[in-house]
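A structural walkthrough
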There are 4 protein chains.
Amino acid sequence: MRILFVGDVVGNIGVAMIHEYLPQLKRDLKPQVTIVNGENSTPVGRGISQSIYKQILKDGADVVTMGNHTWDNAELYDFIGGANRLVRPANFPGDTPGQGWTKVKVNQQVLAVVNLQGRVFMNPMDDPFAKMKALLPELDTDFVFVDFHAETTSEKRAFAMRYDGQLSAVVGTHTHVQTSDAQVLQGGTAFMTEAGMTGPADSVLGMKSDSVIERFENQRPTRYTVQEVGPGLLSGAVIDLNDKTGHATSIKPILISPQHPYQS
Amino acid sequence: MRILFVGDVVGNIGVAMIHEYLPQLKRDLKPQVTIVNGENSTPVGRGISQSIYKQILKDGADVVTMGNHTWDNAELYDFIGGANRLVRPANFPGDTPGQGWTKVKVNQQVLAVVNLQGRVFMNPMDDPFAKMKALLPELDTDFVFVDFHAETTSEKRAFAMRYDGQLSAVVGTHTHVQTSDAQVLQGGTAFMTEAGMTGPADSVLGMKSDSVIERFENQRPTRYTVQEVGPGLLSGAVIDLNDKTGHATSIKPILISPQHPYQS
Amino acid sequence: MRILFVGDVVGNIGVAMIHEYLPQLKRDLKPQVTIVNGENSTPVGRGISQSIYKQILKDGADVVTMGNHTWDNAELYDFIGGANRLVRPANFPGDTPGQGWTKVKVNQQVLAVVNLQGRVFMNPMDDPFAKMKALLPELDTDFVFVDFHAETTSEKRAFAMRYDGQLSAVVGTHTHVQTSDAQVLQGGTAFMTEAGMTGPADSVLGMKSDSVIERFENQRPTRYTVQEVGPGLLSGAVIDLNDKTGHATSIKPILISPQHPYQS
Amino acid sequence: MRILFVGDVVGNIGVAMIHEYLPQLKRDLKPQVTIVNGENSTPVGRGISQSIYKQILKDGADVVTMGNHTWDNAELYDFIGGANRLVRPANFPGDTPGQGWTKVKVNQQVLAVVNLQGRVFMNPMDDPFAKMKALLPELDTDFVFVDFHAETTSEKRAFAMRYDGQLSAVVGTHTHVQTSDAQVLQGGTAFMTEAGMTGPADSVLGMKSDSVIERFENQRPTRYTVQEVGPGLLSGAVIDLNDKTGHATSIKPILISPQHPYQS
Ligand SMILES: [Fe+2]
Ligand SMILES: [Fe+2]
Ligand SMILES: [Fe+2]
Ligand SMILES: [Fe+2]
Ligand SMILES: [Fe+2]
Ligand SMILES: [Fe+2]
Ligand SMILES: [Fe+2]
Ligand SMILES: [Fe+2]
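For every chain, the first residue of the written sequence is number 1, and numbering continues from 1 along that sequence. Think of it this way: whatever chain is written first is A, whatever ligand is written first is 1, and the rest follow in order. Local features in this predicted model are restricted to residues of pLDDT 70 or higher, and side-chain atom pairs are both shown and tallied only at a pLDDT of 80 or more, whereas totals for entire chains, interfaces and linings draw on every residue. Note that water and hydrogens are dropped before the side-chain values are worked out from all heavy atoms of the structure.

As annotated in an unreviewed UniProt entry, chain A is TIGR00282 family metallophosphoesterase from Levilactobacillus fujinensis.

The next thing to look at is the coordination of the iron ion (ligand 7). Residues and elements named next belong to chain D. Within the first shell, the iron ion (ligand 7) binds the protein through Asp8 (OD), Glu39 (OE), Asn40 (OD1) and His176 (NE2), at distances of 2.1 to 2.2 Å. In this structure, the iron ion (ligand 7) is surrounded by four donor atoms whose angles at the metal cover 92 to 169 degrees, and the resulting shape is irregular. On the primary sequence, the residues serving as donors to the iron ion (ligand 7) are separated as D-x30-E-N-x135-H. Donor atoms are limited to N, O and S found within 2.8 Å of the metal ion, a distance that becomes 3.2 Å for Na, K and Ca. With water left out, some sites might look partial. For the pair the iron ion (ligand 7) and the iron ion (ligand 8), the metal-to-metal distance amounts to 3.3 Å, and glutamate 39 bridges them. Of this pair, glutamate 39 sits in the loop between β2 (33-37) and α2 (50-58) while histidine 176 sits in the loop between β8 (169-173) and β9 (183-184); the two residues are 137 residues apart in sequence, bridging distant segments of the chain. Comparing glutamate 39 with histidine 176 shows no difference in burial state: the two are buried. Working rule for geometry: tetrahedral if four donors all subtend angles between 85 and 135 degrees; square planar for four, octahedral for six, if opposite donors exceed 155 degrees and the others stay between 65 and 115; irregular in every other situation. Secondary structure is summarised from DSSP: a helix means a run of H or I of at least four residues, a strand means a run of E of at least two, and numbering begins at the N terminus for each. Think of it in three bands: with a 1.4 Å probe and only protein chains considered, a residue is buried below 20% of the maximum accessible area for its type, exposed above 50%, and partly exposed in between.

Attention shifts here to the sheet that holds strand β10 (residues 190-192) of chain A. All names here are of chain A. The six strands are arranged β5-β6-β7-β8-β10-β9 in an open sheet whose pairing can be described as mixed. Where the open sheet ends on each side, the last strands, each with one partner, are β5 (101-106) and β9 (183-184). We treat two strands as partners when DSSP finds at least two bridges between them. Of the pairings in the sheet, the one linking strand β6 (residues 109-117) to strand β7 (residues 143-149) comprises seven bridges and is parallel in character. What sits directly across from glutamine 117, in β7, is histidine 149. The contact definition used throughout considers only heavy atoms, calling two residues in contact when any of these lie within 4.5 Å. Helix axes are fitted to C-alpha atoms over the stretch in contact, other axes to C-alpha atoms as well, and angles between N-to-C directions run from 0 to 180 degrees. Sheet contacts for helix α4 (residues 128-139): β5, β6 and β7; angle to β6, the most-contacted strand, approximately 165 degrees.

We now examine a positive patch on the surface. Residues A:Arg215, A:Arg223, D:Arg215 and D:Arg223 make up a contiguous surface patch of positive charge. The class for A:Arg223 is exposed, based on a relative accessible area of 61%. Surface patches are drawn from residues lacking salt bridges whose relative accessible area is over 30%; two like charges belong together within 9 Å, two nonpolar side chains (Val, Leu, Ile, Met, Phe, Trp, Tyr) within 5 Å. Where accessible areas are quoted, they stem from the Shrake-Rupley method and a 1.4 Å probe; at the residue level, only the protein chains shown are allowed to cover. The term salt bridge refers to a pairing of a side-chain nitrogen on Lys or Arg with a carboxyl oxygen on Asp or Glu at a separation within 4 Å. Counted as positive: Lys and Arg. Counted as negative: Asp and Glu. His and the chain ends are not counted at all. In this description, the location of a charge corresponds to atom NZ of lysine, CZ of arginine, CG of aspartate or CD of glutamate.

All names here are of chain A. Of note, glycine 81 is situated in the loop between α3 (76-79) and β4 (86-87). The class of glycine 81 is exposed, set by a relative accessible area of 78%. Expressed as a C-alpha distance, the spacing of glycine 81 and isoleucine 52, which sit 29 residues apart in the sequence, is 16 Å.

This part is about the pattern of salt bridges. Residues and elements named next belong to chain C. Going through the model one piece at a time under the given rule, you end up with 20 salt bridges over all chains. The residue arginine 2 makes a salt bridge to aspartate 240 at a minimum N-O spacing of 2.8 Å. In this pair, arginine 2 is assigned in strand β1 (residues 2-6) and aspartate 240 in strand β12 (residues 232-241), connecting sequence segments 238 residues apart. Take arginine 2: its relative accessible area is 25%, and that puts it in the partly exposed class. Judged by relative accessible area, which is 18%, aspartate 240 ranks as buried.

Residue and element names in this part refer to chain D. At this site the iron ion (ligand 8) is bound by Glu39 (OE), Asn68 (OD1), His149 (NE2) and His174 (ND1), with donor distances of 2.1 to 2.2 Å. Each of the four donor atoms bound to the iron ion (ligand 8) contributes to angles spanning 83 to 153 degrees, and the resulting shape is irregular. In primary sequence terms, the donor set of the iron ion (ligand 8) follows E-x28-N-x80-H-x24-H. For histidine 174, a relative accessible area of 14% gives the class buried.

So, on to the interface of chain A and chain B. Taken together, the contact pairs 37 residues of chain A with 37 residues of chain B. The largest share of the area that chain A buries against chain B comes from A:Phe121, A:Ser180 and A:Phe216, three residues that together contribute 19% of it. For the pair chain A and chain B, the number of links is two salt bridges. Its salt-bridge partner being B:Glu217, residue A:Arg162 comes within 2.8 Å of it at the nearest N-O pair. Here a polar contact means two N or O atoms within 3.5 Å. Within protein one must be a hydrogen donor candidate and the other an acceptor candidate, and residues neighboring in sequence count only if both atoms are side-chain atoms. Where chain A packs against chain B, one counts 10 residue pairs in polar contact (both at pLDDT 80 or more). Where the side of chain A that touches chain B is concerned, the elements lending two or more residues are α5 (153-162) and α6 (209-218) of chain A. It is α5(A) that provides the largest number of residues to the side of chain A that touches chain B, a total of seven residues. In the side of chain A that touches chain B, the residues fall into 14 nonpolar, 14 polar and nine charged. Buried area is understood as the total, over both parts, of accessible area removed when two parts are fitted together, assessed with a 1.4 Å probe. In this classification, Asp, Glu, Lys and Arg are treated as charged, Ala, Val, Leu, Ile, Met, Phe, Trp, Tyr, Cys and Pro as nonpolar, and every other residue, Gly included, as polar.

When the copies are overlaid, the least-squares fit takes in C-alpha atoms only where the residue has pLDDT of at least 70 in both copies. When chain B is brought onto chain D, the operation consists of a screw motion whose angular component is 180 degrees and whose axial shift is 0.0 Å, with 0.0 Å RMSD remaining. On the angle and the small slide along the axis, the relation comes out as a two-fold axis. A shared interface surface links the copies, since 100% of the contact residues of chain B are contact residues in chain D too.

An α-helix turns once per 3.6 residues; consequently, residues spaced three or four apart project the same way. Residue and element names in this part refer to chain C. Expected span of a helix: the number of residues minus one, times 1.5 Å. The end-to-end C-alpha separation of helix α1 (residues 11-29) is 25 Å, in line with the 27 Å expected for 19 residues at 1.5 Å each. The largest bend in α1 amounts to roughly 40 degrees and is located at tyrosine 21, with the proline proline 23 lying one to four residues further along. All buried positions along α1 are accounted for by Gly11, Ile13, Gly14, Val15, Met17, Ile18, Tyr21, Leu22 and Leu25. Looking at the packing, one finds that the buried side of α1 touches β1, β2 (33-37), α2 (50-58), β11 (199-200), β12 and β13 (248-256). Positive phi appears at lysine 30, one or two residues downstream of α1, with a value of about 50 degrees. Bend, in this description, refers to the angle at a residue between axes fitted to the seven residues ending there and the seven starting there.

Attention shifts here to unusual backbone geometry. At C:His174, a residue that is not glycine, the phi angle is positive and equals roughly 110 degrees. Mapped onto the fold, C:His174 is located in the loop between β8 (169-173) and β9 (183-184).

Here is the structure:
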């Protein structure tokens, strides 16, 4: 089984990059399952709208994952009930609307796609380690992909090593800068600390650099605004699983950027 | 001018990786200046000792940089006064022992090597943005390398974009996982969010995974211990500067790991 | 039912204050139940030992509560199994040794004593709000006292207002400085943001001021040391409950300090 | 010299409490200088407006201090240049509009009123300890009042003990719940960890409890809204200084609340 994952889509340029490159990537890589993190996909870079959710699916995603920005666009409350291809972190508190995981049928197998959020330097959600442990029997499949949305490299890697051999893949999101450590861990779990973002290249994590620099320098409340001009980048990974065991055989980063133009 | 930078050396395996590969890297890459971050180089992964400092210089470093672990080994207080090749973050408070930058003569040019520490999710040091601004006239050279030791991708990138064109290179350290975004910014500053660490590969940021996982799962005070067995990795970057302007012409990541064995 | 609560006992002076004043306070106030927070009661101000635990009980406590420093003295692992009068935060993760609440029989009633820990600016424990909700039916009594160990005034007060009418009393601990807001909320829950500490008066939260000031000024790792000389203070509250409903009828702060000497 | 200080004014009820009680308090206590923290005085509890600033002065304040919410109401940018009775934290970065301290003439003496902001669990401003040290010679008077706006009890008390004998008074603000530790320190500095807020009593720090509880329980972005009904409270302190030395002779808390109605 081949999985294509694309990291945090930011703003209009991010959505445009999906529209432009996801079909090509799918044609070239032929993944059975395509997963896109959409937590920053509105034009202001916060949350997701129904029309963008539908657009990302139409452009080729099977599942859309989220993160700490899940609820930033309140429109989600209206459509999450029916958004059966969208998963928000499974360790959000008990009564949170929406689902923390979903399943995708691929030939004879079933891939569970799980979203979890870390807690270090983030809001205090339920324990993602304990949540994963509780979910495993419930998922009832050897094919499990986790988008682990977290700030620190240590929490992401510790999580992956804790569940090495029990999950097919753990791919980190949230920090928006791809890491170069894609690897299959000893137990057979594909891991990458951070997939990286999909959005405006000439920016700070998708935001106009001026507004971000200003806030660092004057420590006053400046609203970050999404960068809306210039080239885009698309970041992610492609993962191959053994169709019998669900263990990973390979994980390779994907990076389309001004420095690395797309090559079929 | 070519600069070789090697990220956070962790524990005995990190020091052994330096000993084994730094001479080879220098032979192959022929940098004029070699800089190594040594903030985790003691056997327990915290701080630096005089003997290890000397060993790293002997193995080929011209300058050793530090970070938030600078003072974790109290022995440093005894030798920092005479350690003229060691720099600790320049934005530590006023009376802090040691120096925040040093200069290395390279043919006709002088390279200033600066160490700074970020503040997001870290201890509240003096403002690194303001400190850089104040330092620039003092450094009085067009060749400036900054090891920016910080937790978040946003603070690192915002800093680099703020000083794009005024610094030769900004290389991030501290999160220990190399990013794949090495690039020369529009103004001519080489930038990479994170150089990555140099230490035990089968670990969480250099520490035994068991102890780190345990703490994430039980939230009780477990002392992390350095991983002392298994393969090592070495992470860093090589940067080329225009000898006239001090602007960067190229930055390339260096990564020696089980997945990427060293090739001359 | 009258409850006497005494806030975080710090170091030898704190233990001595308990020894000197707890018997007098009990003689004068005649509480049916006496509860003491002992998370800082070792000579170094971190955790608790078996001998101090026994001493605090002998001096008059019926229950000893804890907090974020629960595990700082590893000796606790050895005796917590048999320490049936000690409660550590109930929202520590699943497999944590010890108990999160206990019951004290008072004539015809049973008082449940619960310890919970907040999450804002603290380690990410299980959700204390959700934990309280889950505990309520399990406790199966109208008489419930909660030591809510938390950093921020907002989390403490929000918790008390959330469970106003369902708990007899919520008394905050951890910040070590008593607040002047003791009050019975509209629903009948006695509340006080912070009981305050019991320990050395000439100190910063029980620690020698020199070491604390030094760390604020130089941001280097200085070990805080407990203040071992000078006068002590004892902080707490006395709470009266309606013996039929379990609702509070009164809460009054207790403060013995150099500025407020004890008066019977 | 007698100083009256009133803690964080929150929303319309806070402003109304000032209007109703400040004149009475001044008539009864006869302070020479009256200082009011106005960082939450707009109807939404964030920042200050010009009309409210003028109203607070008209109701009897000589100086208005601020805190971390200084810039939440952007209108301040328009009038801070001419607001010579308003001080915002002096340790905001270099180019911040406005002033960090001001002087009030009282008979033969001059009282400097300084505003500083802490850094623990707050945005990383310039070092308040270092800033105070630098300011002391500049202030050039033995009569110095500091509103230290900070989150933790430790930073507030450490600051007061560091400058004990060099400042007339240090009064903490920001956590909105008054502490019961008002005292003159050994060197002659009046100190109180937290003055407390002036605003709606039936609230969480001035905000409607429902919105705050909701956010603690569901961890989703709920905008806090100011409580606009019910009784108010007014918190502060009155401090007496020796007219020769500037040292404090007394500090007493002021608390007007449903539990403690005002008595002349
Ligand atoms: Fe994101
Ligand atoms: Fe995120
Ligand atoms: Fe490091
Ligand atoms: Fe570090
Ligand atoms: Fe404590
Ligand atoms: Fe505590
Ligand atoms: Fe406030
Ligand atoms: Fe504040």
